[in-house]
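Below are the chains, spelled out letter by letter.
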Amino acid sequence: MADVKMHLWRGDAGGGEFREYRLPAQEGEVVLDVVHRIQATQANDLAVRWNCKAGKCGSCSAEINGKPRLMCMTRMDTFTEGETITVAPMRTFPIIRDLVTDVSFNFEMAKRVPPFKPRPREADGTHRMAQRDVDRPQEFHKCIECFLCQDVCHVIRDHEENKKHYAGPRMFVRYASLEMNPLDTDDRRELLKNEMGIGFCNITKCCTEVCPEHIKITDNAIIPLKERVVDRSYDPAAWIGRKILRRG
């Protein structure tokens, strides 16, 4: 087996550069294994975030050969033997050091999501839902908050100024899980339209393409939310209904 040649970004918020590391290849490794071997043998001060190494915690997100991926789920045997592998931090978020970025933007946006507001229980003290309504949001609950979808979304990746007004794909998945729950009584459509910037999304599906949990973010979350927002804001029948209700 040929040696592994890996370029890792080293630096902090003040700047940095890619540095080359070479080490013997080992069978059955993922990118995170190689990064750990580099950290152990050649770069003890290398900063890298990880936790479960099983694709379930979302901690080891990075850009591998330019594509947002989980390091622990990217197998080394998917690359051509002798190929240079480039590992960089997620570009959309501020760099803390080396491969570690500050993803607190996502948690701040999460604070702005109105919580689940259930309707009153039935007379017998239970909540009842059709099975299809139970199944629908289960897909959204698979999100591991790796924020790869946020990283690849060009609305904030290429336009830092949009972050104040754009929640991003991960948050739209969260809004969808609430808006599509038949027990929830809150209406978040005006918030999505006026403050969360759902109109900025032009449904390129890049977020869906990088999701390690294979959530159909665009088709099953964002597009239905857009339809609901449009129905509320521009549907003439709904407009007349609101006028009548106000008059009453």
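Keep in mind that this is a model prediction, so the values were computed, not measured.

Visitor: An account of the overall build of the protein is needed here, citing residue identities and associated values.
Guide: Counting its regular elements, the protein contains ten helices and seven strands. The buried share of the protein, taken over its 248 residues, is 44%. Counting only contacts in the protein whose residues sit at least 6 apart along the sequence, the fraction spanning at least 24 positions is 63%. Element-wise, carbon and sulfur atoms account for 50% of the exposed surface of the protein, whose accessible area totals about 13,300 Å². Taken together, the 39 basic and 37 acidic charged side chains of the protein have centroids lying 6 Å from each other.

Visitor: Provide a residue-level description of the environment of Asp102, including the pertinent values.
Guide: Within the secondary structure, Asp102 is located in the loop between β7 (100–101) and α2 (104–111). Apart from the residues lying within four places of it in its own chain, the contact partners of Asp102 are Phe93, Pro94 and Ile96. A distance of 2.7 Å separates polar atoms of two side chains, one belonging to Asp102 and the other to Ser104.

Visitor: Any chance you could break down α2 for me, citing the residues and the numbers?
Guide: Taken together, the buried positions of α2 are occupied by Phe105, Asn106, Met109 and Ala110. Summarising the axial view, the buried residues of α2 lie within an arc of 140°, below the 170-degree limit, and thus occupy one face.

Visitor: Explain the packing of aromatic side chains to me, and be specific about the residues and the numbers.
Guide: Evaluation of the coordinates by the stated rule reveals three aromatic pairs. When the centroid spacing of 5.6 Å and the interplanar angle of 80° are considered together, the rings of Phe107 and Phe147 count as edge-to-face. Placement of the pair is Phe107 in helix α2 and Phe147 in the loop between α3 (131–135) and α4 (148–152), with a sequence separation of 40 residues. With relative accessibility at 41%, the residue Phe107 sits in the partly exposed group. Aromatic side chains Tyr166 and Phe172 sit 5.5 Å apart centroid to centroid with 85° between the ring planes, which places their arrangement in the edge-to-face category. No difference in accessibility class separates Tyr166 from Phe172, as the two residues are buried. For Lys163, the ring lying beneath its charged end belongs to Phe105, and the centroid distance is 5.6 Å.

Visitor: Tell me about the pairing of strand β1 (residues 4–12), residues and numbers included.
Guide: Across a regular strand the side chains alternate sides, sitting on one face of the sheet and then on the other. Where β1 lies against strand β2 (residues 15–23), nine bridges are found, and the strand directions are antiparallel. The residue bridging Arg10 from the neighbouring strand is Glu17, located in β2. Hairpin remark: β1 followed by β2, antiparallel, with two residues in the connecting loop. Pairing of β1 with strand β5 (residues 84–88), which is carried by four bridges, proceeds in the parallel orientation. Bridging across to β5, Met6 finds its partner in Ile85.

Visitor: So what about the pattern of salt bridges? Which residues, and what values?
Guide: Counted by the stated rule, this structure contains 22 salt bridges. Between Arg19 and Glu17 there is a salt bridge, with the nearest N and O atoms lying 3.7 Å from each other. Residue Arg119 is joined to Glu122 by a salt bridge in which the shortest nitrogen-to-oxygen separation is 3.8 Å. Since its relative accessible area comes to 32%, Glu122 is described here as partly exposed. Connected via shared salt-bridge partners are Arg10, Asp45, Arg97 and Asp98.

Visitor: Can you tell me about helix α6 (residues 169–179), naming the residues and giving the values?
Guide: Summarising burial for α6: ten of the eleven residues are buried, a large majority. Here α6 has its buried residues at Pro169, Arg170, Met171, Phe172, Val173, Tyr175, Ala176, Ser177, Leu178 and Glu179. Tucked inside the fold, the buried residues of α6 contact α2, α4, α7 (189–194), α8 (206–210) and α9 (217–234).

Procedures and definitions
Residues numbered from 1 in each chain as written. Predicted model: local features only at pLDDT ≥ 70, side-chain atom pairs only at ≥ 80, totals over all residues. Heavy atoms only, no water. Helix = DSSP H or I, 4+ residues; strand = E, 2+ residues; numbered from the N terminus. Buried < 20%, exposed > 50% of the residue type's maximum accessible area, 1.4 Å probe, protein only. Contact = heavy atoms within 4.5 Å. Areas by Shrake-Rupley, 256 points an atom, 1.4 Å probe, with all protein chains shown as cover. Lys, Arg positive; Asp, Glu negative; His and termini not counted. Charge placed at Lys NZ, Arg CZ, Asp CG, Glu CD. Polar contact = N/O pair within 3.5 Å; in protein donor to acceptor, adjacent residues only side chain to side chain. Arc of directions from axis to C-beta. Phe/Tyr/Trp six-rings, centres within 6.5 Å; stacked < 30°, edge-to-face > 60°. Lys NZ or Arg CZ within 6 Å of the ring centre and 35° of its normal. Pairing = 2+ DSSP bridges. Salt bridge = Lys/Arg side-chain N within 4 Å of Asp/Glu carboxyl O.

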